[in-house]
Amino acid sequence: MQKSDRKPKFLKDYAPPDYLIEEVALDVALAPKAARVASKLRIRPNPKVATGGKPLVLDGEDLTLESLTLDGKALSPGDYEVKDGSLTIKRVPARPFTLEAFTTCDPEANTELSGLYLSRGTYCTQCEPEGFRRITYFLDRPDVLAVYTVRIEAERDAAPVLLSNGNPVARGDIPGTNRHFATWHDPFPKPSYLFALVGGNLAAVPDEFVTASGRKVALTIYVEPGKQDRCAWAMESLKRSMRWDEERFGREYDLDVFNIVAVSDFNMGAMENKGLNIFNDKLVLARPDTASDGDYVSIESVIAHEYFHNWTGDRVTCRDWFQLCLKEGLTVFRDQEFTGDTRSGAVERIGAVRILKSNQFPEDAGPLAHPVRPPSFIEINNFYTATVYEKGAEVCRMLQTLLGREGFRKGLDLYFERHDGEAVTVEDFVDAMADVSGRDLKQFMRWYTQAGTPELACSLDYDAHAKTARLTVSQIIPPTPGQAKKEPMLIPLKVGLIGANGDELPLTLADGTPLVDGLLEVTEREQVFEFRDIPAPPTPSLLRNFSAPVRLSTNLDPGQIEFLMAHDSDPFNRWQAAQTYATNLLTDGARDGGNIERVTGKEAARLAQALAVTSRDSSLLTAYRAEFLKLPGEADIARELSRNVDTDAVHGAREALRKKIGEEIRETLTELYEANADSGPYSPDPESAGRRAVRNAALDLLVATGDTSEIARAERHYRDATNMTDSIAALAILSHVQAPVRDKALDHFYARWQDEPLVLDKWFAVQARAASSSSVETVRTLLSHPKFSLKNPNRVRAVIGSFIHGNPTAFNRPDGAGYRLLAEQAIEIDGFNPHMAARLLGAFESWRILEPIRQARAKSVLQDLAARTLSTDSYEIVTKTLGEG
Ligand code: 0A1
Ligand code: ZN
């Protein structure tokens, strides 16, 4: 299974392909052990390259070649060479020709879940980034775009549903057999990574969408029979996404059909194959009793994300995998905007920044740091990262902030106009933005090429005599692997100045120009911005709406932060002020082994009171108020400490603050709990979900007091729950409690949901996340549970993923037991699914910020891993994490 070699590939070495493939006809006969693939490729020398007699080298992996013909003539073994990973045809004509290959592959043995594989009896494919070569020999690179016609045949009973990309053109029985076929044609040229095929016994949930120009599109979601009643939300989300992309970006859907298939075994969330999106069923299936509000939100945003790829990724695709952010960053940005427009902009922004800070900031600060557009990689599978996705989205957002919504829209229109049907680069995207705005975006390009989170230090000085306020801003971009020195970035910095009574002060620069929207552009290492006509000392609100992905430090005192918590008119910054206040207490409380007094004293009480005021304020959206009741997580605190981290001290400080807040504002929390009870049937709408969020966050803090009456309340909450949101929230809360109710609730949940894999995943996850001195042992027990399987990625994420990312005290146990557990499991998974194993091993990325004992333990486990025979995927992660790659 060892595929590519371990040598890095470099962006600077990009060369266009020697040959182009313009038409593909595939004939696939599905069978579990030997699926037969007949491919007919129309190939021509690339006119832009001096091909002159060069051999044709096709990619191919784990294929059995049965026969090969060129322009109808059979090739003999001397005419070509099959190696692990490639098929070389030594001599091909210098004009267009047709190559026909007949190969087989083994879907049942495909445990990597890349290429053609079986998921609970359903044939499905995953071709991004390099899976198509596991189906047939091909130029498996994104800059080779072809028109595909695909005929699939299979046993009628085993696979009554046969799907591929594009529009259906024919189907029928094969007389005299128990087999049937379906033919699909996709008129839009696409790279091989967007190819997909599905065959199985699936139930169809149909619907229809009429596009802005009046074209009818048949929509279908395919799921395991019996699950049809869990598709309504995904379907509504799809239709909303289609409408939104028309209204906000003028993008219409282009085929006659749009199909979504949900499968149970999938390495990632979902995949945007043209006209045939394949989804992890976790991101499709929802019913009030089986899915939580969080699941509903994820489903809506991933359905939107994959749909939006139709334009940003499919119609305009990437020239090479170094440009991955071109489609991913932009599409994440688009799905975030969709969620913000459909729900609440502020709540969406808070969620997006939480994810950015918890997933991307540590990546950017650790050994795996890479620019949004990496200059090199060993295994592209390892670059589906938070940096490419989430920081990539922030980069698009900054462009929108700089150009304005309208300017950005124009830029995107120009990008589509210029590049529809092409495979392009980040430069092409930024050029379109530069051309519509007339701006020079050269300095902005550094966001794509420089890794590391810029540190932005801001301090405001007020001159009472001159009535001016001077904002001094400096930026430092820390060194990252391979990049010691950095150039200053162009940083959009949104600011406001707030007067003593909470009023927003008009901003006028020293030269008299008014500052529109409070948007400053920081371009130098150090810069001063002066505001005039400021009558009294103001409080600055900095980096409003998180206008750039930077770490901000300010000279604000606790009183000013408290003031912003109450008065900032920027909803993001108002929430951020509360987080900053809490984070400062928590980092002080966790520093150097822990200082519990810091989080149980007067300032903690002030924080609690401020949270009570905001969470009761009925002029604010309920979902927004709920965000205030969620304290920074343990990983957030560790990240802010940034060195000598003792994860037990972090846990201790956070628990103590939760208890303090629970005790301090118990009455308010009780009131919130009671006032926000659900009445009537479940509805996933933002207001109802917001009420449940406030209620569950209040319950969590009440139980943190340790009071038995509150634990009894949680038990009632579990018992009375009429939907999964409340049920799983109560179970999670009870899972941290050392009392018999904990096991009672867990047993009850298991008895009820043991045959529902997605719900059972929640049962596994809750236990893997519960912090206790015996968590590692608990996780070991879960790993040997009869319902556990290392082969199912969702179950692996539920147990191992939840443990390594959601239980930092246990994962970082000072004796190294957590690290050893991860290493053992990853080694086993690496033997059959390297992509999955490498992703799990990413959990070691922050080992260098730990205190010396834990560091030593982590290092020794990493060294042990490095000494083993690993897949290329895991090898890259382990060696880079150790700093020896
Ligand atoms: N393009 C998909 C993500 C994805 C990437 C790789 C996969 O398999 C290895 C699967 C999906 C997206 O952004 O949604
Ligand atoms: Zn994507």
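For the structure, check the block above.
Residues numbered from 1 in each chain as written. Chains lettered and ligands numbered in written order. Predicted model: local features only at pLDDT ≥ 70, side-chain atom pairs only at ≥ 80, totals over all residues. Heavy atoms only, no water.

## So, the overall build of the chain
Across its full length, the chain carries 26 helices and 31 strands. Here the C-alpha radius of gyration of the chain, 28 Å, is about what a compact globule of 885 residues would show, namely 29 Å. Seen through its principal axes, the chain has C-alpha atoms that stretch 90 × 70 × 60 Å. Counting over 885 residues, the chain shows a buried share of 60%. A sequence separation of at least 24 residues applies to 70% of the contacts in the chain between residues at least 6 apart. (Helix = DSSP H or I, 4+ residues; strand = E, 2+ residues; numbered from the N terminus. Rg over C-alpha atoms; globule rule 2.2 N^0.38 Å. Buried < 20%, exposed > 50% of the residue type's maximum accessible area, 1.4 Å probe, protein only. Contact = heavy atoms within 4.5 Å.)

## Some remarks on the coordination of the zinc ion (ligand 2)
Only H305 (NE2), H309 (NE2) and E328 (OE) from the protein coordinate the zinc ion (ligand 2), and they sit 1.9 to 2.1 Å from it. Considering all 4 donor atoms around the zinc ion (ligand 2), angles at the metal cover 98 to 129° and the coordination shape is tetrahedral. Ordering the donors of the zinc ion (ligand 2) by residue number gives the pattern H-x3-H-x18-E. Taken as a pair, H309 in the loop between helix 2 (293-308) and strand 22 (317-318) and E328 in helix 3 (residues 324-342) lie far apart in primary sequence, 19 residues in all. A single burial state applies to H309 and to E328, both of which are buried. (Donors = N, O, S within 2.8 Å, 3.2 Å for Na, K, Ca; no water. Tetrahedral: all angles 85-135°; square planar, octahedral: opposite > 155°, others 65-115°.)

## Remarks on the site of ligand 1
Not every one of the 15 residues close to ligand 1 is listed here, only the nearest: E128, E272, E306, E328 and Y389. With respect to ligand 1, the side chain of Q126 contributes an N or O atom lying 3.3 Å from an oxygen atom. Between ligand 1 and E306 there is a distance of 2.5 Å, counted from an oxygen atom to a side-chain nitrogen or oxygen. Protein contacts shield 95% of the accessible area of ligand 1, which totals 370 Å² for the unbound molecule. Listed by contribution, the elements that provide at least two residues to the shell around ligand 1 are strand 20 (270-271), helix 2 and helix 3. Class assignment of the residues belonging to the shell around ligand 1 gives a composition of 5 nonpolar, 5 polar and 5 charged. (Near = heavy atom within 4 Å. Polar contact = N/O pair within 3.5 Å; in protein donor to acceptor, adjacent residues only side chain to side chain. Areas by Shrake-Rupley, 256 points an atom, 1.4 Å probe, with all protein chains shown as cover. Nonpolar A, V, L, I, M, F, W, Y, C, P; charged D, E, K, R; others polar.)

## Structural notes on the sheet that holds strand 7 (residues 80-83)
The antiparallel open sheet is built from 3 strands, whose spatial order is 4-8-7. If you trace the sheet from one side to the other, it starts and ends with strand 4 (56-59) and strand 7, each paired once. When strand polarity is set aside, the average angle formed by the axes of neighbouring strands in this sheet is 15°. (Pairing = 2+ DSSP bridges. Axes fitted to C-alpha atoms, helices over the stretch in contact; angles between N-to-C directions.)

## Some words on helix 9 (residues 571-590)
Counted at 1.5 Å a residue, the expected span for helix 9 with its 20 residues is 28 Å, and the 28 Å between its end C-alpha atoms agrees. Most of helix 9 is tucked away: 16 of the 20 residues are buried. Phi turns positive one or two residues past the end of helix 9, at D592, with a value near 50°. (Expected span 1.5 Å × (residues − 1).)

## Points about the state of the cysteines
According to the stated counting rule, one finds 0 disulfides in the structure shown. No disulfide involves C124; its sulfur sits 10 Å from the nearest other cysteine sulfur, which is in C127. Judged by relative accessible area, which is 0%, C124 ranks as buried. (Disulfide = S-S within 2.5 Å.)

## Here's the deal with the nonpolar core
F429, Y448 and L471 are the most contacted members of the largest nonpolar core, which totals 282 residues. Broken down by element, this core gets its largest block of residues, 14 residues, from helix 5 (residues 386-419). (Core = buried A, V, L, I, M, F, W, Y, C linked by side-chain atoms within 4.5 Å.)

## Quick notes on the pattern of salt bridges
Following the criterion strictly, the structure yields 89 salt bridges and no others. Residue D420 is joined to R315 by a salt bridge in which the shortest nitrogen-to-oxygen separation is 2.7 Å. Remark: R315 occurs in the loop between helix 2 and strand 22 and D420 occurs in the loop between helix 5 and strand 24 (423-424); sequence separation between them is 105 residues. Across the pair E521 and R439 runs a salt bridge, and its minimum N-O distance is 2.8 Å. Here R439 lies in the loop between helix 6 (426-437) and helix 7 (446-449) and E521 lies in strand 28 (residues 519-522), a separation of 82 residues in the sequence. The exposure class of E521 is partly exposed, given its relative accessible area of 29%. Shared partners join several salt bridges into a network, and the residues in it are D229, R230, R287, D289 and E756. (Salt bridge = Lys/Arg side-chain N within 4 Å of Asp/Glu carboxyl O.)

## Regarding unusual backbone geometry
Residue P129 is reached from E128 by a cis peptide bond, and omega for that bond is -10°. Residue L113 is not a glycine yet carries a positive backbone phi of 60°. Summarising the element assignment, L113 is placed in the loop between strand 9 (97-105) and strand 10 (115-119). Residues other than glycine seldom take positive phi values, yet D533 does so here, at roughly 60°. Positionally, D533 belongs in the loop between strand 29 (526-531) and strand 30 (539-542). For D533, a relative accessible area of 53% puts it in the exposed group.

## Some words on the sheet that holds strand 6 (residues 73-74)
The strand order 6-5-9-3-2-12-15-14 describes an open sheet built from 8 strands, whose pairing is mixed. Only two strands of the sheet have a single neighbouring strand rather than two, namely strand 6 and strand 14 (167-173). By the bridge criterion, 9 bridges tie strand 12 (residues 146-155) to strand 15 (residues 179-190) in an arrangement that is antiparallel. Note on strand 15: the bridge partner recorded for V150 is W184.

## Digging into the packing of helix 5 against helix 6
Look at helix 5 against helix 6: their axes get within 7 Å of each other, and the N-to-C directions meet at 110°. Classified by the angle their axes make, helix 5 and helix 6 are roughly perpendicular. Each of C396, L399, L403, G407, F408, K410, G411, L412, L414, Y415, R418 and H419 in helix 5 lies in contact with helix 6, whose residues at this interface are D428, F429, D431, A432, M433, D435, V436 and S437. The residue makeup of the contact of helix 5 with helix 6, split by class, is 11 nonpolar, 4 polar and 5 charged. (Parallel < 35°, antiparallel > 145°, perpendicular 65-115°, else oblique.)

## Observations regarding the side chain of T668
With respect to the element layout, T668 can be found in helix 14 (residues 666-675). In this structure T668 comes out as buried when scored by relative accessible area, which is 7%. Those residues in contact with T668, other than ones at most four positions away along the chain, are A612, S615 and R616.

## Brief notes about the packing of aromatic side chains
Aromatic ring pairs are reported here in terms of the distance separating the ring centres and the angle at which the planes meet. Under the criterion given, the structure shown has 35 aromatic pairs. Between F308 and F338, the aromatic rings sit 5.7 Å apart at their centres with planes inclined by 80°, giving edge-to-face as the arrangement. With F308 in helix 2 and F338 in helix 3, the pair connects residues that are 30 residues apart, well separated along the chain. Accessibility classification places F308 together with F338 in one group, the buried group. Between the aromatic rings of F811 and F844, the centroid separation amounts to 5.9 Å while the plane-to-plane angle is 55°, which identifies the pairing as tilted. Note that F811 is positioned in helix 22 (residues 808-811) and F844 in the loop between helix 24 (834-841) and helix 25 (852-866), a separation of 33 residues in sequence. (Phe/Tyr/Trp six-rings, centres within 6.5 Å; stacked < 30°, edge-to-face > 60°.)

## Examining helix 24
Summarising burial for helix 24: 7 of the 8 residues are buried, a large majority. The set of residues buried in helix 24 consists of P834, H835, M836, A837, A838, L840 and L841.

## As for the environment of G85
Take G85: it is sitting in the loop between strand 7 and strand 8 (86-89). Residues G85 and E845, spaced 760 residues apart in sequence, show a C-alpha to C-alpha distance of 30 Å. Those residues in contact with G85 that sit more than four places away from it in its chain are L58, D59 and G60.

## Brief notes about the pairing of strand 11 (residues 122-126)
Counting buried residues in strand 11 gives 5 out of 5 residues, a clear majority hidden from the surface. Residues T122, C124 and Q126 point to one face of strand 11 and Y123 and T125 to the other, with burial holding for every one of them. One ladder, built from 5 bridges, connects strand 10 with strand 11; its direction is antiparallel. Paired with L116 across the strands is T125, a residue of strand 11. Between the end of strand 10 and the start of strand 11, which pair antiparallel, lie 2 residues, with R120 showing a positive phi angle near 45°.

## A closer look at the environment of K9
Along the chain, the position of K9 falls in strand 1 (residues 9-10). Among the polar contacts made by the side chain of K9, one reaches the main-chain carbonyl oxygen of I378 at a distance of 3.2 Å.

Structural measurements only, silent on function.
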